[in-house]
Amino acid sequence: MSGAQPPVIVWFRRNLRLCDNVALARAVETGAPLLPLFIDDEREEGAWPLGAASRWWLHQSLEALAKELELRGSRLIVQRGAARDVLLALRRQCGARRVFYQRRYEPAAQKMELRLAYDLAEADIEIEACAGSTLFLPEQIQNGSGKPYQVFTAFWKTCLKIGIDTELAPAPTTLSAPEKWPASLDIGELSLLPKIDWARGMSASWQPGECGAQRALEHFVREAVGRYEEGRDRPDQSLTSRLSPHLHFGELSPRQVAAALQGYGGGGAASFLREVGWREFARHSLCHF
């Protein structure tokens, strides 16, 4: 237990992992007690709410994250409502004046972040928006005229010229807990699971959560990446990565993928890294255009 030092909030969004989580690492560096927080705020998704399969996955991923936090002496606080209202309430209840979170680049999420920065500043709450969902910040990659790219090939050449940082922030072994925990919903109260259990096939085929993401990455690099370049177009063979949902929910960072591919020669690793580059370019384009 920590003394009377006020806690800092680590707001988990699409970064449901402990390893290479920049927001979490920055919060740990403060030395303050941590309040790990997930907010069920539909405003963040705008006109693109999560579908039933994504909601099922999110439930499993939150359960996995909560277990990993408990192993480190912490817990996941789950709240529902507007992020602004939840964070202001925690300011009043716990005295938390600092919030660390990972940036998102979808239009609705970006607009929410801008409004949130203004509202929290008015309440004397300091926020730190951290990188982590991409290899490069969207504003970092520019053409010779200082403008964002509109063609992938030129964009990716510039990324490779700059070089990918593969130094990963390790998962903390212990987390400092506050003297008193605020109230929290049970994950089940978010009603993310389907009322009719049609997800048994998904449960048999996938393991949501950070551990499942790590296993999928290790399996792909060990068993398939060498044949990925020619095998990715063969639906009769299991030579694709199956990493998409893990990356989507941030159970795995793209930097972890790049780090795992280091040391593997041949076209397979370069070909797959290029596909990660397309994901990067999509966020670059979404952010700027």
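A brief look at the structure comes next. Sequence order as written defines residue numbering, which begins from 1 separately in each chain. This being a predicted model, a pLDDT of at least 70 is required before a residue's local features are given, and a value of 80 or more before pairs of side-chain atoms are given or counted; all residues contribute to the totals for chains, interfaces and linings. Computation of side-chain values: all heavy atoms of the structure, hydrogens and water removed.

## Brief notes about helix 11 (residues 267–288)
Note: α-helices contain 3.6 residues per turn, so residues at a spacing of three or four share the same orientation.
Reasoning step 1: Given a rise of 1.5 Å per residue, 22 residues ought to cover 32 Å, and the 31 Å separating the end C-alpha atoms of helix 11 matches this to within 8%.
Reasoning step 2: By the convention used here, residues are in contact when the closest approach between their heavy atoms is within 4.5 Å. Helix and strand assignments follow DSSP, with helices taken as H or I runs no shorter than four residues and strands as E runs no shorter than two, numbered in order from the N terminus. Buried residues along helix 11 sit against helix 5 (152–162), helix 7 (210–223), helix 8 (228–231), helix 9 (244–248) and helix 10 (254–261). To estimate the expected span of a helix, count its residues, drop one, and scale the result by 1.5 Å.

## Observations regarding helix 4 (residues 107–122)
Reasoning step 1: Across its 16 residues, helix 4 extends 23 Å between first and last C-alpha, which sits within 8% of the 22 Å expected from 1.5 Å per residue.
Reasoning step 2: Here helix 4 has its buried residues at Ala108, Ala109, Met112, Glu113, Leu116 and Leu120. The arc that holds the buried residues of helix 4, viewed along the axis, is 130°, so those residues lie on one side. Facing away from the buried side of helix 4 by over 90 degrees, the exposed positions are Lys111, Leu114, Tyr118, Ala121 and Glu122.
Reasoning step 3: Along its buried surface, helix 4 packs onto strand 1 (8–12), helix 3 (83–94), strand 4 (98–102) and strand 5 (126–130).
Reasoning step 4: Among the residues trailing helix 4, Asp124 stands out with phi positive, at a value near 60°. Exposure categories follow from relative accessible area, calculated using a 1.4 Å probe and restricted to protein chains: below 20% of the type maximum is buried, above 50% is exposed, and the middle band is partly exposed. Directions are taken from the helix axis to each C-beta atom, and the arc is the one they span.

## Side note on the sheet that holds strand 1
Reasoning step 1: Strand pairing is assigned whenever DSSP detects at least two bridges linking the two strands. Across the sheet, which stays open at both edges, the 5 strands sit in the order 3-2-1-4-5 with parallel pairing between neighbours. Taken across any chain shown, the strands that pair with only one partner, and hence form the sheet edges, are strand 3 (77–80) and strand 5. When strand polarity is set aside, the average angle formed by the axes of neighbouring strands in this sheet is 25°.
Reasoning step 2: Two strands pair when backbone bridges link them, and strand 2 (residues 34–40) and strand 3 are joined in this way by 4 bridges, in the parallel orientation. Note on strand 3: the bridge partner recorded for Phe38 is Val78.
Reasoning step 3: Helix 3 rests against strand 1, strand 2, strand 3 and strand 4 of the sheet, and its axis sits at about 150° to strand 2. Comment: axis = line fitted to C-alpha atoms, over the contacting stretch for helices; angle = value between 0 and 180 degrees taken between N-to-C directions.

## A few points about the side chain of His59
Reasoning step 1: Inspection of the secondary structure puts His59 in helix 2 (residues 52–71).
Reasoning step 2: By relative accessible area, His59 is classed as buried at 9%.
Reasoning step 3: If we skip the residues at most four places from it in the chain, His59 touches Ile187, Gly188, Leu192 and Leu193.

## Re unusual backbone geometry
Reasoning step 1: Look at Asp124: it is not a glycine, yet its phi comes out positive at around 60°.
Reasoning step 2: Among the structural elements, Asp124 can be located in the loop between helix 4 and strand 5.
Reasoning step 3: The phi dihedral of Arg242 is positive, around 60°, even though this residue is not glycine.
Reasoning step 4: Here Arg242 shows up in the loop between helix 8 and helix 9.
Reasoning step 5: A relative accessible area of 42% means that Arg242 is categorised as partly exposed.

## Side note on the pattern of salt bridges
Reasoning step 1: A pair is scored as a salt bridge if a Lys or Arg side-chain nitrogen falls within 4 Å of a carboxyl oxygen belonging to Asp or Glu. Taken as a whole and judged by the stated rule, the model has 22 salt bridges.
Reasoning step 2: Linking Glu128 and Arg26 is a salt bridge whose minimum nitrogen-to-oxygen distance equals 2.7 Å. One end of the pair, Glu128, is in strand 5; the other, Arg26, is in helix 1 (residues 22–29), with 102 residues separating them in the sequence.
Reasoning step 3: Notably, a salt bridge pairs Arg98 with Glu126, separated by 3.6 Å at the nearest N-O pair. Here Glu126 lies in strand 5 and Arg98 lies in strand 4, a separation of 28 residues in the sequence.
Reasoning step 4: Counted as one network, the salt bridges with shared partners bring together Arg13, Arg14, Glu44, Glu45, Arg104, Glu106 and Glu113.

## Regarding the packing of helix 5 against helix 11
Reasoning step 1: Here helix 5 crosses helix 11 at 110°, and the two axes come no closer than 10 Å. Our classification of the angle between helix 5 and helix 11 gives roughly perpendicular. Contacts between helix 5 and helix 11 involve Phe152, Thr153, Phe155 and Trp156 from the former and Leu273, Arg274, Gly277, Trp278, Glu280, Phe281 and His284 from the latter.
Reasoning step 2: Residues are grouped as follows: Ala, Val, Leu, Ile, Met, Phe, Trp, Tyr, Cys and Pro are nonpolar; Asp, Glu, Lys and Arg are charged; every other residue, Gly included, is polar. Class assignment of the residues belonging to the contact of helix 5 with helix 11 gives a composition of 6 nonpolar, 3 polar and 2 charged. Comment on the angle field: the value is read as roughly parallel under 35 degrees, roughly antiparallel over 145, roughly perpendicular from 65 to 115, and oblique elsewhere.

## Comments concerning the environment of Met202
Reasoning step 1: Tracing the sequence through the fold places Met202 in helix 6 (residues 200–205).
Reasoning step 2: A sequence separation of 76 residues divides Met202 from Trp278, and the C-alpha atoms of the two residues are 26 Å apart.
Reasoning step 3: Sequence-distant contacts of Met202, that is, excluding residues within four places in its chain, are made with Ala53 and Trp56.

## Describing the environment of Ser271
Reasoning step 1: Mapped onto the elements, Ser271 comes out in helix 11.
Reasoning step 2: Since its relative accessible area comes to 10%, Ser271 is described here as buried.
Reasoning step 3: Put simply, Ser271 and Leu24 are 247 residues apart on the chain and 31 Å apart in space, counted from C-alpha to C-alpha.

By themselves, these are just geometric observations and shouldn't be taken as functional.
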